[in-house]
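Residue strings, one per chain:
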Amino acid sequence: KAGVTQTPRYLIKTRGQQVTLSCSPISGHRSVSWYQQTPGQGLQFLFEYFSETQRNKGNFPGRFSGRQFSNSRSEMNVSTLELGDSALYLCASSLGTQQMDGYTFGSGTRLTVV
Amino acid sequence: GQQVMQIPQYQHVQEGEDFTTYCNSSTTLSNIQWYKQRPGGHPVFLIQLVKSGEVKKQKRLTFQFGEAKKNSSLHITATQTTDVGTYFCAGSRTGNQFYFGTGTSLTVIP
């Protein structure tokens, strides 16, 4: 089956701009979680969407937002970009139930803010 | 919020030596998962532990979940260069949302 698809793979934006990242989960997976990864900081949880509803949220400012569509595809948006937002953004797909197996990650979108 | 700490942050070993990374949570977990991320890659799911005191093996990898379900370890016997990467634990209290540890970066010297 197809894996998790994230687009675009790379992005360069300037400070103050906004950006939208996309994630298509594995077919049948209803949960999409977003993580920010920077060197030395590990994987910081942004939010999780399940059946079009935000079910869990991490400790990121309101500039970071997301949504999920009826086909489970998800987008995350970052407004008013700052230099510190430069990172690898990973999307993780799962069943989202208590019987879930592990997350399947996409290859990520590498965002550079200049 | 939920905290999952992992030690050590970095580990260099000679090929053939053993390696262990430890994961500790401030709260009791329902499940813990382990992932491996190769350099330049994305995390790949290795295993999930759900029972107190559970031990699971995958070839040279041994995973343990503590009796109190607050800690876990991953042990690799006789490391190989293919083991290089960052190993992450991820803990959950609910079973459907996981918080990742800071990771242990393993370097294997041939």
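Structure: above.
Residues numbered from 1 in each chain as written. Chains lettered and ligands numbered in written order. Predicted model: local features only at pLDDT ≥ 70, side-chain atom pairs only at ≥ 80, totals over all residues. Heavy atoms only, no water.

(A) Local environment of the interface of chain B and chain A. Listed by partner, the interface residues are 17 residues for chain B and 21 residues for chain A. Buried surface at the junction of chain B and chain A, summed over both partners, amounts to about 1,600 Å²; 51% is from carbon and sulfur atoms. Summed over the shared surface of chain B and chain A, the number is 0 salt bridges. Where chain B meets chain A, there are 4 residue pairs in polar contact (both at pLDDT 80 or more). Elements with a minimum of two residues in the side of chain B that touches chain A: β4 (31-37), β5 (44-49) and β10 (99-100) of chain B. Among the elements that take part in the side of chain B that touches chain A, β4(B) stands out by supplying 3 residues, more than any other. Its residues assigned to classes, the side of chain B that touches chain A comprises 7 nonpolar, 10 polar and no charged. (Contact = heavy atoms within 4.5 Å. Buried area = accessible area lost by both parts, 1.4 Å probe. Salt bridge = Lys/Arg side-chain N within 4 Å of Asp/Glu carboxyl O. Polar contact = N/O pair within 3.5 Å; in protein donor to acceptor, adjacent residues only side chain to side chain. Helix = DSSP H or I, 4+ residues; strand = E, 2+ residues; numbered from the N terminus. Nonpolar A, V, L, I, M, F, W, Y, C, P; charged D, E, K, R; others polar.)

(B) Here's a closer look at the pairing of strand β9 (residues 85-92) of chain B. Residue and element names in this part refer to chain B. In terms of residue burial, β9 counts as a mostly covered element, since 8 of its 8 residues are buried. In this structure, β4 lies alongside β9, joined through 7 bridges in antiparallel fashion. Within β9, the position partnered with Gln33 by the bridge is Ala90. By the bridge criterion, 3 bridges tie β9 to strand β11 (residues 104-109) in an arrangement that is antiparallel. Bridge pairing in β11 links Tyr87 to Thr104. (Buried < 20%, exposed > 50% of the residue type's maximum accessible area, 1.4 Å probe, protein only. Pairing = 2+ DSSP bridges.)

(C) Quick peek at the nonpolar core. Ranked by internal contacts, the top residues of the largest apolar core, which has 21 residues, are Trp34(A), Leu46(A), Phe64(A), Met76(A) and Tyr89(A). Counting residues per element, the ones that place at least two in this core are β3 (19-24), β4 (31-38), β5 (42-50), β8 (74-78), β9 (87-94) and β11 (109-113) of chain A. Ignoring sequence-local partners within four residues, the contact set of Met76(A) consists of Val19(A), Thr20(A), Leu21(A), Trp34(A), Leu46(A), Phe47(A), Phe64(A), Ser65(A), Gly66(A) and Tyr89(A). The next biggest cluster of nonpolar side chains, apart from the first, holds 19 residues, and it includes Val4(B), Trp34(B), Leu74(B) and Ile76(B). (Core = buried A, V, L, I, M, F, W, Y, C linked by side-chain atoms within 4.5 Å.)

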